[in-house]
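Structure at a glance
Take a look at the letters that make up each chain.
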Amino acid sequence: MLSLSGISLTAGGFSLSVPELSFSPGLTVLMGRSGSGKTTLLSIAAGLRKPDSGHVTIDGRETEGITPDTGIVFQYPERQLFAETLLSDVSFALRKRGEKLVEAENKARSLLLSLGFSERAMELSPFLLSGGERRLAAIAGVLVSNPQYLLLDEPLTGLDAASSERILSIIERLREGGRTIVMATHDAERAAYADRVVMMDKGMVVKTGAPDEIPLQTQAYLLSSFIDSRCKGFGKAVREDVLAERIERLLRGRTV
């Protein structure tokens, strides 16, 4: 179990406060408006960012900094790609941990094959791959270390339907294998398939529970926030509270 206790952080006018939160095997979807603290929370859980106070523990052991038990995939993970070939990029983490080149590349090759990459693609520059393939390659670079806890920050952003489904199938495979997966998203539809949903707002956890426990009003505000974030600059926007009320009425009408 990955647990956060007494976490607080203040930076640049933003404050995060998480008294107690734990993640267990299965898929937890982390939801909230832009700026609610999802990315900051994931960064702390992964050991990439140190809070002002509080503790992160894995199976009862307090952690400090990055550990091999946890892997994080950022919102635009393809920006993490850097090596000359796909195989070299994905095997890098293992080589950095001291594994021999042949062993590291064999493990990376096996993983890439399971994800649908060809032997030829492994010898290409990762920057020659399609957008969806680059995203998948970056995820492979994290999975190759076999982390028990996988943290995903908006992994489907900007992807087409086929690429999204490919990544979602990998997440489902990992969930079935007993991994602990935490995925931040704005998409209420994805939350419906989760084992647990954690709602955030203004740097705080405001609700946790099963997907069917998310109140309609919360869904409405998430949708209105998403629409507003996509429509800025395109004329006068509808006030968020008005838009949320209209969406909530629509949701209620469809559930009758």
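This write-up is about the structure you can find in this document. Just so it is clear, the structure is predicted and the values come from calculations on it, not from any experiment.

Here we take up the overall build of the protein. Along the protein, the regular secondary structure elements total nine helices and ten strands. By the burial criterion, 45% of the 256 residues in the protein qualify as buried. Put simply, 66% of the contacts in the protein that link residues at least 6 apart link residues at least 24 apart.

Right, let's talk about the nonpolar core for a bit. Core analysis: the biggest nonpolar cluster contains 42 residues, and L112, F117 and I171 have the highest contact counts within it. In this structure I171 touches L27, L152, I181 and M183, once residues within four positions along its chain are discounted. Counting 23 residues, the second largest nonpolar core, distinct from the first, contains V18, L42, A46 and L151.

Further remarks concern helix α5 (residues 131–143). Here α5 contains 13 residues, and its C-alpha end-to-end distance of 19 Å stays within 8% of the 18 Å for a straight helix at 1.5 Å per residue. If you check which residues of α5 are buried, you get G132, R135, L136, A137, A138, I139, A140, V142 and L143. On its buried face, α5 sits against β6 (70–73), α2 (86–96), α3 (101–114), β7 (149–153) and α6 (161–176).

Another aspect to go through is unusual backbone geometry. Leaving glycine out, the prevailing phi sign among residues is negative, and the prevailing peptide bond configuration is trans. Despite not being glycine, N146 has its phi angle at roughly 55°, a positive value. As for its placement among the helices and strands, N146 is situated in the loop between α5 and β7. Relative accessible area serves as the criterion here: at 51%, N146 is assigned to the exposed category.

Closest axis-to-axis distance for the α5/α6 pair is 9 Å, and the angle between their directions is 20°. In terms of orientation, α5 lies roughly parallel with respect to α6. Between α5 and α6 the crossing geometry is right-handed. Where α5 abuts α6, its residues G132, E133, R135, L136, I139 and L143 lie against S163, R166, I167, I170 and L174. Residue composition of the contact of α5 with α6, by class: six nonpolar, two polar and three charged.

Further remarks concern the pairing of strand β9 (residues 196–201). Sheet analysis places strand β3 (residues 26–32) next to β9, joined by five bridges and oriented parallel. Residue pairing in the sheet places G32 in a bridge with M200 of β9. For β9 and strand β10 (residues 204–209), the ladder comprises five bridges, and the chain directions are antiparallel. If you follow M200 over to β10, its bridge partner there is V205.

On to the packing of α2 against α3. In contact at an axis separation of 8 Å, α2 and α3 are set at 120° when each is read in the N-to-C sense. Looking at the two axes, α2 sits oblique to α3. Regarding α2 and α3, the two cross each other, and that crossing is right-handed. Of the residues in α3, those in contact with L86, L87, V90, S91, L94 and R95 of α2 are L101, A104, E105, K107, A108, R109 and L112. Partitioned by chemical class, the residues of the contact of α2 with α3 number eight nonpolar, one polar and four charged.

The next subject is the environment of V206. You can see V206 is positioned in strand β10. Residue V206 is classed as exposed on the basis of its relative accessible area of 52%. Leaving out residues up to four positions away in the same chain, V206 has contacts with M199, M200 and D201.

Before going further, it helps to examine helix α1 (residues 38–45). Judged by how many residues are buried, α1 sits mostly within the fold: seven of eight residues are covered. For α1, the set of buried residues is K38, T40, L41, L42, S43, I44 and A45. Positioned one or two residues after α1, G47 has a phi angle of 85°, which is positive.

So, on to the pattern of salt bridges. Under the criterion given, the structure shown has five salt bridges. Notably, a salt bridge pairs R61 with D69, separated by 3.8 Å at the nearest N-O pair. With relative accessibility at 46%, the residue R61 sits in the partly exposed group. In this structure, E99 and K107 form a salt bridge, with 3.1 Å as the shortest nitrogen-oxygen distance. Connected through shared salt-bridge partners, E172, R175 and D195 make up one network.

What counts and how
Residues numbered from 1 in each chain as written. Predicted model: local features only at pLDDT ≥ 70, side-chain atom pairs only at ≥ 80, totals over all residues. Heavy atoms only, no water. Helix = DSSP H or I, 4+ residues; strand = E, 2+ residues; numbered from the N terminus. Buried < 20%, exposed > 50% of the residue type's maximum accessible area, 1.4 Å probe, protein only. Contact = heavy atoms within 4.5 Å. Core = buried A, V, L, I, M, F, W, Y, C linked by side-chain atoms within 4.5 Å. Expected span 1.5 Å × (residues − 1). Axes fitted to C-alpha atoms, helices over the stretch in contact; angles between N-to-C directions. Parallel < 35°, antiparallel > 145°, perpendicular 65-115°, else oblique. Left-handed = near helix turned anticlockwise from the far one by under 90°. Nonpolar A, V, L, I, M, F, W, Y, C, P; charged D, E, K, R; others polar. Pairing = 2+ DSSP bridges. Salt bridge = Lys/Arg side-chain N within 4 Å of Asp/Glu carboxyl O.

None of the figures reported here should be taken as evidence of function without further support.
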